[in-house]
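Residues per chain, in single letters:
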Amino acid sequence: MQPSDIIDLFKTYVIANYTRYPVCLTRGEGSYIWDTEGTKYLDFFPGWGCGLLGHCPPKVVKAVQEQVARLIHVPNTWYVESQGLLAKELSIRTEFAGKCFFCNSGTEANEAAIKLARLNGAGTGPNGGNRYKIITMFDSFHGRTMGALTATAQPKYHQGVGPMLPGFAYAPFGDLDAVAKLIDAETIAVMVEPVQGEGGVNLPPAGYLEGLRELCDRHKMLLICDEVQSGMGRTGKWYAHQHWKVKPDIVTLAKALGGGVAVGGLIAKPEVGEKLKPGTHAATFGGNPIACAAALATIQTIEEENLLERVQTLGERFRARFTALKDKTPLIREVRVKGAMIGIQLATDGVPIVQGCLKRQLLINCTHGTVIRLLPAMNLSDAEADEGMNILEEVLLGERGA
Ligand SMILES: Cc1ncc(COP(=O)(O)O)c(C=O)c1O
């Protein structure tokens, strides 16, 4: 089909809830992707953060191909080996011997975490009532379903869909005093992205995550780390919170977990997770054999190719280059990097920069209006990193993407 025919299909049959660029993609390999006309793009934002190993990572492709030919789906009324093995691989990488629940996306993982927190708070409040309130942070992003959306403390996403779920309170990211002031006798949890992603690649100030842990311990509350974007090694540790030596009670995952295949989940301390009993929560496709095979192959690839180490040197390469660039242009205000989570805070609208890069066949993202966000594959080579950074530099120093 011609690109114009594909776009016409969308105009007629697909609800226009996304802003799409007029490019029809058809094939991907590593950090490159091709459109229907054969144009090749370098992708610094593969799959909105799902392509942690780039496009079509060979071991994930093979695992899915083998699994799909053997067994596509069975519900959670039966046992399947791959779900058990995946839970083990995720658990042994925590420091709290976590137990897992599986679903299909980040928002579902966070819904499960919200329910699990409330189930833990049931009957523990004043006069035997429930503790159900959850504190989250401004500029967070936790998902689009009503619970996760209420947890997402960005008013623009709440517009027109209220009333929101009761029981959420919001504090500025990085402000421990503000969190402390919001805690009351009905508060059961604090939920935080260790590194805020969609909110602009915001790094936690020193002592912040440890301080949240301390507050949670003091008030017998749960600490939930939303690692949907930062988890699975993206920052150089399996879970980003491990940079700060904090042990959360619940960790949520999705995006990169399946190397591009849809899968989400949470890992909870066993004594916390046990409140999800039969009948309290479920997901029909959760932990299906294809998703679990893909996730196992993703973990295997990261291990075998030493990508946790690689991602740290990759992050430093980006940091060095963009920090040097900051001195050459007032357009860059700040560079924020944690492994392969890279944010360039601009002094201006980032959309023309994204468009300028697209014209030069580099795919990047702009979030929060003024932050260039890059979530490159962990296995991006130095040459590929430089190729993309040359383009970005040219656009930033040049005609600002015009
Ligand atoms: C930190 C975080 N949590 C949750 C979500 C929601 O994930 P999904 O789009 O898979 O529902 C996202 C998506 O960007 C995210 O970045």
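To be clear, the structure that these remarks concern was listed above.
Predicted model, so just to flag it, every value in this text is computed and none were measured.

Basis of the calculations
Residues numbered from 1 in each chain as written. Predicted model: local features only at pLDDT ≥ 70, side-chain atom pairs only at ≥ 80, totals over all residues. Heavy atoms only, no water. Pairing = 2+ DSSP bridges. Helix = DSSP H or I, 4+ residues; strand = E, 2+ residues; numbered from the N terminus. Buried < 20%, exposed > 50% of the residue type's maximum accessible area, 1.4 Å probe, protein only. Expected span 1.5 Å × (residues − 1). Axes fitted to C-alpha atoms, helices over the stretch in contact; angles between N-to-C directions. Phe/Tyr/Trp six-rings, centres within 6.5 Å; stacked < 30°, edge-to-face > 60°. 1 Å grid on protein atoms, 1.4 Å probe; cavity = no way out; pocket = protein on both sides within 12 Å on 5 of 7 lines; lining within 4 Å. Points joined across faces, edges and corners; volume = space filled by probe spheres on them. Nonpolar A, V, L, I, M, F, W, Y, C, P; charged D, E, K, R; others polar. Near = heavy atom within 4 Å. Polar contact = N/O pair within 3.5 Å; in protein donor to acceptor, adjacent residues only side chain to side chain. Areas by Shrake-Rupley, 256 points an atom, 1.4 Å probe, with all protein chains shown as cover. Contact = heavy atoms within 4.5 Å. Parallel < 35°, antiparallel > 145°, perpendicular 65-115°, else oblique. Left-handed = near helix turned anticlockwise from the far one by under 90°. Salt bridge = Lys/Arg side-chain N within 4 Å of Asp/Glu carboxyl O.

(A) Inspection of the sheet that holds strand β2 (residues 32–35) at higher detail. If you walk across this open sheet you meet the four strands as β1-β2-β3-β13, and the pairing is mixed. One side of each edge strand has no neighbouring strand; the edge strands of this open sheet are β1 (25–29) and β13 (362–363). Sheet topology places strand β3 (residues 40–43) next to β13; two bridges connect them, and they run parallel. Note that in β13 the partner of Asp-43 across the bridge is Leu-363.

(B) Here's a closer look at the pairing of strand β10 (residues 264–268). The element β10 is largely enclosed, with a buried count of five among its five residues. Where strand β9 (residues 250–253) and β10 come together, four bridges link them in antiparallel fashion. Opposite Val-251, over in β10, you have Ile-267 as the bridge partner.

(C) How the structure looks around helix α13 (residues 382–397). For α13, with 16 residues, the first-to-last C-alpha span of 22 Å sits near the 22 Å given by 1.5 Å per residue. Residues of α13 that are buried include every one of Glu-384, Ala-385, Gly-388, Met-389, Ile-391, Leu-392, Glu-393, Val-395 and Leu-396, and no others.

(D) Representation of the sheet that holds strand β5 (residues 133–137) in the model. Spatial strand order, β4-β10-β9-β8-β7-β5-β6: seven strands in an open sheet with mixed pairing. The open sheet terminates on both sides in strands that have one partner only, identified here as β4 (99–103) and β6 (168–171). Pairwise comparison of adjacent strand axes, ignoring direction, gives a mean angle of 20° for this sheet. With three bridges connecting them, strand β8 (residues 222–226) and β9 associate as parallel partners. Within β9, the residue paired with Cys-225 across the bridge is Val-251.

(E) Region of interest: the packing of aromatic side chains. Evaluation of the coordinates by the stated rule reveals five aromatic pairs. Between Phe-44 and Phe-318, the aromatic rings sit 5.5 Å apart at their centres with planes inclined by 70°, giving edge-to-face as the arrangement. With a gap of 274 residues between them, Phe-44 in the loop between β3 and α2 (58–70) and Phe-318 in helix α11 (residues 307–326) connect regions that are remote in the sequence. Ring geometry for Phe-138 and Tyr-170: centres 5.8 Å apart, planes at 55°, overall tilted.

(F) Quick peek at the layout of surface pockets. Taken as a whole, the second largest pocket holds about 650 Å³ of empty space. Lining the second largest pocket are 28 residues, with Gln-83, Cys-100, Phe-101, Phe-102 and Leu-276 positioned closest to its centre. Contributions of two or more residues to the lining of the second largest pocket are made by α3 (81–92), β4, β10 and α9 (270–273). Residues belonging to the lining of the second largest pocket are distributed by class as follows: 13 nonpolar, 11 polar and four charged.

(G) Structural context of the site of the ligand. In the vicinity of the ligand, the contacting residues are Ser-105, Gly-106, Thr-107, Asn-110, Phe-141, His-142, Gly-143, Glu-193, Asp-226, Val-228, Gln-229 and Lys-255. With respect to the ligand, the backbone of Thr-107 contributes an N or O atom lying 2.8 Å from an oxygen atom. In this structure, an oxygen atom belonging to the ligand sits 2.8 Å away from a side-chain N or O atom of Gln-229. Surface burial for the ligand is 81%, taken as the share of its 390 Å² of free accessible area covered by protein chains.

(H) Highlighting the side chain of Thr-298. With respect to the helices and strands, Thr-298 occurs in helix α10 (residues 289–304). Judged by relative accessible area, which is 0%, Thr-298 ranks as buried. Look past the residues within four positions of Thr-298 in its chain and what remains in contact with it is Leu-53, Val-60, Met-232, Ala-256, Leu-257, Gly-258 and Gly-259.

(I) Main features of the packing of α2 against α10. Put simply, α2 and α10 touch, their axes get as near as 8 Å, and they point 155° apart. The pairing of α2 with α10 is recorded here as roughly antiparallel in orientation. Handedness of the crossing formed by α2 with α10: right-handed. From α2, Lys-59, Val-60, Ala-63, Val-64, Gln-67 and Val-68 reach across to α10, where they touch Pro-289, Ile-290, Ala-293, Ala-294, Ala-297, Thr-298, Gln-300, Thr-301 and Glu-304. In terms of residue class, the contact of α2 with α10 is built from nine nonpolar, four polar and two charged.

(J) Seen up close, the pattern of salt bridges. Summed over the entire model, instances satisfying the criterion amount to 19 salt bridges. Residue Lys-133 is joined to Asp-184 by a salt bridge in which the shortest nitrogen-to-oxygen separation is 2.7 Å. With a gap of 51 residues between them, Lys-133 in strand β5 and Asp-184 in the loop between α7 (176–182) and β7 (187–192) connect regions that are remote in the sequence. Judged by relative accessible area, Lys-133 falls into the partly exposed class, the value being 22%. In this structure, Arg-310 engages Asp-382 in a salt bridge whose closest nitrogen and oxygen atoms are separated by 2.8 Å. One end of the pair, Arg-310, is in helix α11; the other, Asp-382, is in helix α13, and 72 residues separate them in sequence. What emerges from the salt-bridge pattern is a single network uniting Arg-213, Asp-217, Asp-249 and Lys-269.

The analysis is restricted to geometry; functional conclusions fall outside its scope.
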